[in-house]
Protein chains: 2
Amino acid sequence: MAKMDFPLSEVYGLLETGPVVLITSHVNGKRDVMAQSWHTMVEFEPAIVACVVSDRNFSHELILESGECVLNIPTFEIAEKVVGCGNASGRDLDKFAKFGLAVSPASLVGAPLLDECYASLECRVFDRIPAYELFLLQVVKAWVDPDVADPKTLHHRGFGAFMIAGETARFPSAMK
Amino acid sequence: MAKMDFPLSEVYGLLETGPVVLITSHVNGKRDVMAQSWHTMVEFEPAIVACVVSDRNFSHELILESGECVLNIPTFEIAEKVVGCGNASGRDLDKFAKFGLAVSPASLVGAPLLDECYASLECRVFDRIPAYELFLLQVVKAWVDPDVADPKTLHHRGFGAFMIAGETARFPSAMK
């Protein structure tokens, strides 16, 4: 997929639908990718995302040490890889190799972009709320494949059941 | 719709797909209903949801004063009412009357359940993080229509564009 620079002020539209994201992280030769559904926008500009990453996840220490990560948004085409990432721990194996996830370097952070994801959001840790295992992530650079108009994103319903994004309906709206 | 008692331990599966919710609130004769997409689960049990409600929203003062609200999950059938709620303020009009939203009393909180929503989650304010306008809501009672297996939930993409929930795919998974 050929991803292009995407305006940070429009990032909320990618995330507020609630897709599963694949969070990549990298520090000191260690890397991980985790499947995650517990995130929400909290601010439009700067684009800030609150994201639960438990300290039981291997990614937690990598994000904490590096202060960075990338939120990659997968679609149905790679659902089996997403499920694979969700069922394994990066402590035990290199999930990139195991699931054949091709990567490209990010521009502003050390964590990689996942080539097969239609969107990748480079993030820096802006703040934390340890009581709820929340990282507040500021999106500092966004990449989106402009050819994907209606991405078939995955939306986890629990225990490996995923709702796949359907059609888009448009209404006159004053809402941002 | 005939909603039935639903296990609190399974509530996350209703919300982690990222649907638009209609938040109802009620205090001292004032009531409101707002459309909202910025929420995430933060804990399975107790079921705790982090939810952004700005102090610019009329609902903010009602939720703060009462310490309660209900998260109702609408489907495509009432999309026009959802858009209407998102485009109006409860300071100016009674949105329940304006958009013809039928209500029923909740069992544990003062805010009403919306009859046309397939799921309604009675919540108490558990904590707040004012820096990010986050309310931490504990779901204390959940109601779901058992006849709705694959709800056509709405997922906001911005400016009145809504992705409508598509099919569900199931994979073997160790994930909760």
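Computed from a prediction, not measured in an experiment: that's the story for all the values here.

Asker: So what's going on with the overall build of chain A? Which residues, and what values?
Answerer: Along its length, chain A carries four helices and 12 strands. In terms of overall dimensions, chain A is globule-like: its C-alpha atoms have a radius of gyration of 15 Å, near the 16 Å expected for 176 residues. Based on the C-alpha atoms only, the size of chain A along its principal axes is roughly 50 × 30 × 30 Å. In chain A, buried positions account for 59% of the 176 residues. The contacts of chain A with a sequence gap of at least 6 include a subset with a gap of at least 24, amounting to 65%.

Asker: Pulling in residues and values, what's your account of the relation of the copies chain A and chain B?
Answerer: Expressed as a screw operation, the relation of chain A to chain B combines 0.0 Å of axial shift with a rotation of 180°, fitting to an RMSD of 0.0 Å. The relationship between the two copies is best expressed as a two-fold rotation axis. Of the interface residues in chain A, 100% have counterparts in chain B that sit at the interface too, so the contact is made through matching surfaces.

Asker: Account for the environment of Ala119(B), with residues named and values stated.
Answerer: Residues and elements named next belong to chain B. With respect to the element layout, alanine 119 can be found in strand β9 (residues 119–129). For alanine 119, a relative accessible area of 0% gives the class buried. In this structure the C-alpha to C-alpha distance between alanine 119 and glycine 160, which are 41 residues apart in sequence, comes to 22 Å. In contact with alanine 119, not counting residues within four places along its chain, are Lys3, Leu14, Leu71, Asn72, Ile73, Trp143 and Val144.

Asker: Talk me through the confidence of the model for chain A; I want residue IDs and the actual numbers.
Answerer: Summary statistics for chain A give a mean pLDDT of 96 and a share of 99% for residues scoring 70 or more. For this predicted complex, the interface confidence comes out at an ipTM of 0.96, alongside a pTM of 0.97.

Asker: Would you mind going over the interface of chain A and chain B in detail, with residue names and values included?
Answerer: Taken residue by residue, the interface counts 52 residues in chain A and 52 residues in chain B. Surface buried jointly by chain A and chain B totals about 4700 Å² across both partners, of which 61% is contributed by carbon and sulfur atoms. Viewed at the interface, chain B and chain A are joined by two salt bridges. For Asp150(B), the salt bridge identified is with Arg157(A), shortest N-O distance 2.7 Å. Joining chain A to chain B, the criterion identifies 26 residue pairs in polar contact (both at pLDDT 80 or more). Those elements giving two or more residues to the side of chain A that touches chain B turn out to be α1 (12–15), β4 (39–43), α3 (79–87), β9 (119–129), β10 (134–144), β11 (154–158) and β12 (161–170) of chain A. At 10 residues, the largest contribution of residues to the side of chain A that touches chain B is made by β12(A). Grouping the amino acids of the side of chain A that touches chain B by side-chain chemistry returns 27 nonpolar, 16 polar and nine charged. Bridging between β12(A) and strand β12 (residues 161–170) of chain B involves seven bridges; their strand directions are antiparallel. Bridge pairing links Thr168(A) to Met163(B) in β12(B).

Asker: Residue-level account of the side chain of Ser37(A), with values.
Answerer: Note that Ser37(A) resides in the loop between β3 (30–36) and β4. Setting aside its immediate chain neighbours within four residues, Ser37(A) contacts Val20(A), His156(A), Glu16(B) and Thr40(B).

Asker: Describe helix α2 (residues 58–66) of chain A, naming the residues involved and giving the relevant values.
Answerer: Residue and element names in this part refer to chain A. When α2 is considered as a whole, its buried residues turn out to be Phe58, Ser59, His60, Leu62 and Ile63. Buried residues along α2 sit against β2 (21–27), β3, β6 (68–73), β9 and β10. Trailing α2 by a residue or two, glycine 67 shows a phi angle of about 70°, which is positive.

Asker: Could you give an account of the side chain of Lys141(B), with specific residues and numbers?
Answerer: Residues and elements named next belong to chain B. Relative to the assigned elements, lysine 141 resides in strand β10 (residues 134–144). A distance of 3.3 Å separates a polar atom in the side chain of lysine 141 from a polar atom in the side chain of aspartate 5. In this structure lysine 141 touches Asp5, Leu8, Ser107, Leu108, Ser120, Leu121 and Glu122, once residues within four positions along its chain are discounted.

Asker: Let's hear about empty space enclosed by the protein: which residues, and what values?
Answerer: In the structure shown here, the tally under the stated rule is one cavity of 30 Å³ or more. Its volume calculated, the largest cavity comes out at about 90 Å³. For the largest cavity, the lining is made up of 16 residues, of which Gly18(A), Ser37(A), His39(A), Gly18(B) and His39(B) are closest to its centre. Residue assignment for the lining of the largest cavity shows that the elements contributing at least two residues are β4 of chain A together with β4 (39–43) of chain B. Looking at side-chain class alone, the lining of the largest cavity contains six nonpolar, eight polar and two charged residues.

Asker: An account of the pattern of salt bridges is needed here, citing residue identities and associated values.
Answerer: Opposite charge on two side chains permits them to pair, given that their charged atoms come into close proximity. Residues and elements named next belong to chain B. Overall, the coordinates contain 14 salt bridges over all chains when judged by the stated rule. Two residues, aspartate 5 and lysine 141, come together in a salt bridge whose shortest N-O distance is 3.3 Å. Linking aspartate 5 in strand β1 (residues 4–6) with lysine 141 in strand β10, this pair joins segments that are 136 residues apart in sequence.

What counts as what
- Residues numbered from 1 in each chain as written.
- Chains lettered and ligands numbered in written order.
- Predicted model: local features only at pLDDT ≥ 70, side-chain atom pairs only at ≥ 80, totals over all residues.
- Heavy atoms only, no water.
- Helix = DSSP H or I, 4+ residues; strand = E, 2+ residues; numbered from the N terminus.
- Rg over C-alpha atoms; globule rule 2.2 N^0.38 Å.
- Buried < 20%, exposed > 50% of the residue type's maximum accessible area, 1.4 Å probe, protein only.
- Contact = heavy atoms within 4.5 Å.
- Least-squares fit on C-alpha atoms with pLDDT ≥ 70 in both.
- pLDDT = per-residue confidence, 0-100.
- Buried area = accessible area lost by both parts, 1.4 Å probe.
- Salt bridge = Lys/Arg side-chain N within 4 Å of Asp/Glu carboxyl O.
- Polar contact = N/O pair within 3.5 Å; in protein donor to acceptor, adjacent residues only side chain to side chain.
- Nonpolar A, V, L, I, M, F, W, Y, C, P; charged D, E, K, R; others polar.
- Pairing = 2+ DSSP bridges.
- 1 Å grid on protein atoms, 1.4 Å probe; cavity = no way out; pocket = protein on both sides within 12 Å on 5 of 7 lines; lining within 4 Å.
- Points joined across faces, edges and corners; volume = space filled by probe spheres on them.

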